[in-house]
Every structure is written in C-alpha cells, then in structure tokens.
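Residues per chain, in single letters:
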Amino acid sequence: MDVTEDMVRDVCTDAVFERGERYLAEGRVDEIHRVDTTVTAVVSGSCQYDVRVDLAADGFAPWCDCPYDGPGTCKHVVAVLLQCVDDRPPDEGDRLDAALNGADINEIRAFLREELVTDAGLRDRFLAHSGGSMKRSVNELRTSIDRRFEETNPEYDVVFKPIDFTQWFDLANEYRKQGQYGSTMSVYRALIESLDDNMERVDGAYDHFTSAFRRALNGYVDCVVATERDADTVTESVLFLDERAMSGTPFLAEHFERAAAELREKVDEQSCE
C-alpha cells in the first residue's frame, strides 16, 4: 500500500504531475480521509472536485468528477496521491470497527433499515448481498441511470463532467458474487443502453464514458456465457448487440459488433467441449 512518486508518475503525464504538485503545494487538497485502502478528498480547482483512490488497487482505481479527458489521470487525483506519499491520512477503519463492535445490534439494524428506506442504491446492494434476485426491470434501472445524466447539467442537454457509475457496477459485482447472473446481466444491460443513448450528449471526459461503456459491455458478454443459458437466451443477447450496433451511437457500433462476435465465438467453443 506504500505510494511513491514513481508510482504516481506512472498514472499521469509529466505535465499533469507538475500541476498536481503545484495543487498540493498550494494547499488545495481538503477533507481528505482514509478507510482501509480507500482515500477520499475534495480538491479545489475552478470549483470543488470529489476525488477517490484505492491505494491497493492497480493504478489506484482513480475517480474524479472533473471534466479532464486527457491521457492518464487528472491533476486533482495526482495531488491527492502525492499527499499520500509523505502525509498519508490516518486510517479511520479501526474507529469504524470499534463503533460497530460497541454498538447494540438492534440499534444497528434500526439505523441500517432507516438508511435502506431512503437510499435505493444501498438497498439494492444490500438485497443482492443477502442473496435476493433483481426485482427491478432493465427499464427501471435505466431510468435511474438516465437521471444522473439529467442531473449533471440540468440547464442544458449537454454533459461536461464525468458521472460516477460505481453504484451500478458495485451492484452488478454483488449479484455476480452471489451467482445471480440474470440479475447481473440486467444491471449491465441498463448501463449499456443508458450510456449508448446518452453518449451523443457527452461533451468532455470521453475516455471516462467510453471506459464505463466497455466495462459494462464486457461484463454483459461474460455473464451471458457464464449463465449456461439456453439457446434462445443467447440468441436474444446476440440480437440485442446486433440491433444496438445498427441503431445506437455510431462510434460505439464497433464495440457492439466485437461483443456480438465474441459472444458467438464463446458459445461455439462451449458447444464443442
């Protein structure tokens, strides 16, 4: 979990590294916290930007809601990582564990239930973790994702800043861990459809949105193969990918075509085993 300057340089350009150094020296990193290996912070630039990194992940799994669309990560992430080189924030994990261990189990349940009532994303992940199957349709999931695009810039039909899709990727991962591949496919498909339909609104952070799209698409294909579904389900999935290649965002067509071809190939390989 040690962070070095060389490791930070590996995830950004030289110019961005220098800007990150300057931001750190100017004291722009605020509200920095760490729980286990996850660090969150607010960095002051032209406005306040939320940053999240995982010190134990390959490449630090950086997230920032700034509109940076260049190679590597942005200066806000670099500033946070550089602070972790020499002045890593204290780990609040032990304090969290102590609070949990000292709390009354009924109080925890009451608190958790209250949070689950008002937080649909947390509720979905909790139910998935508990082994339940997805109760929301693809269209319902899509609506919640589409809403993020609407909320990002409500005055204009343009999206300048990245959107954090972690909520839905975490939900897909939870269902996947439980072996609920059908539910996992629903989450990935909702992400695919929403990103495809909203991509032409994006005006900045193209790498971010394209990366999220590819991640969802790859996850969808993997789950179709892993389910060992009947031929009708596989055929429906291929038709979905083919249809999107024809009717969706033009520059994403090649990704849909590749995914459809990959799915056909994987299914053929399985049938020959």
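Residues numbered from 1 in each chain as written. Predicted model: local features only at pLDDT ≥ 70, side-chain atom pairs only at ≥ 80, totals over all residues. Heavy atoms only, no water.

## Details of the nonpolar core
Right, on to step 1. With 44 residues, the main nonpolar core has Phe 149, Phe 165, Val 187, Leu 191, Phe 209 and Leu 241 as its most contacted residues.
Right, on to step 2. Put simply, the parts of the chain that give this core at least two residues each are α7 (138-152), α8 (166-177), α9 (181-198), α10 (206-226), α11 (231-247) and α12 (253-272).
Right, on to step 3. By residue number, the principal contributor to this core is α10, which donates 10 residues.
Right, on to step 4. Among all residues touching Phe 149, those that are not within four sequence positions of it are Val 159, Ile 163, Phe 165, Ser 194, Leu 195, Asn 198, Arg 201, Val 202 and Phe 209. (Core = buried A, V, L, I, M, F, W, Y, C linked by side-chain atoms within 4.5 Å. Buried < 20%, exposed > 50% of the residue type's maximum accessible area, 1.4 Å probe, protein only. Helix = DSSP H or I, 4+ residues; strand = E, 2+ residues; numbered from the N terminus. Contact = heavy atoms within 4.5 Å.)

## Topic: the pattern of salt bridges
Right, on to step 1. This model, assessed by the stated rule, comprises 18 salt bridges.
Right, on to step 2. Across the salt bridge formed by Arg 28 and Glu 26, the nearest N and O atoms sit 2.6 Å from each other.
Right, on to step 3. Taking the relative accessible area as the measure of exposure, Arg 28 reaches 25% and is therefore partly exposed.
Right, on to step 4. For Glu 174, the salt bridge goes to Lys 177, with nearest N and O atoms at 3.5 Å. Within this pair, Glu 174 and its partner Lys 177 are both found in helix α8, separated by three residues, close to a single helical turn. (Salt bridge = Lys/Arg side-chain N within 4 Å of Asp/Glu carboxyl O.)

## Section: the domain arrangement of the chain
The extent of an interface is frequently quoted as the accessible surface area lost upon association of the parts.
Right, on to step 1. The domain architecture assigned to the chain consists of domain 1 (5-86) and domain 2 (135-271).
Right, on to step 2. Centre-to-centre separation of domain 1 and domain 2, based on C-alpha positions: 28 Å.
Right, on to step 3. On the side of domain 2, 11 residues touch domain 1, which itself brings nine residues to the contact.
Right, on to step 4. Of the roughly 710 Å² buried where domain 1 meets domain 2, counting both sides, 50% is carbon and sulfur surface.
Right, on to step 5. On the domain 1 side of the interface with domain 2, the three residues burying the most area are Trp 63, Pro 67 and Asp 69, jointly 60% of the side's total.
Right, on to step 6. The interface formed by domain 1 and domain 2 includes one salt bridge.
Right, on to step 7. The residue Arg 52 makes a salt bridge to Asp 164 at a minimum N-O spacing of 3.2 Å.
Right, on to step 8. Run the count over domain 1 and domain 2 and you get two residue pairs in polar contact (both at pLDDT 80 or more).
Right, on to step 9. Residue composition of the side of domain 1 that touches domain 2, by class: five nonpolar, one polar and three charged. (Domains from an automatic or database assignment. Buried area = accessible area lost by both parts, 1.4 Å probe. Polar contact = N/O pair within 3.5 Å; in protein donor to acceptor, adjacent residues only side chain to side chain. Nonpolar A, V, L, I, M, F, W, Y, C, P; charged D, E, K, R; others polar.)

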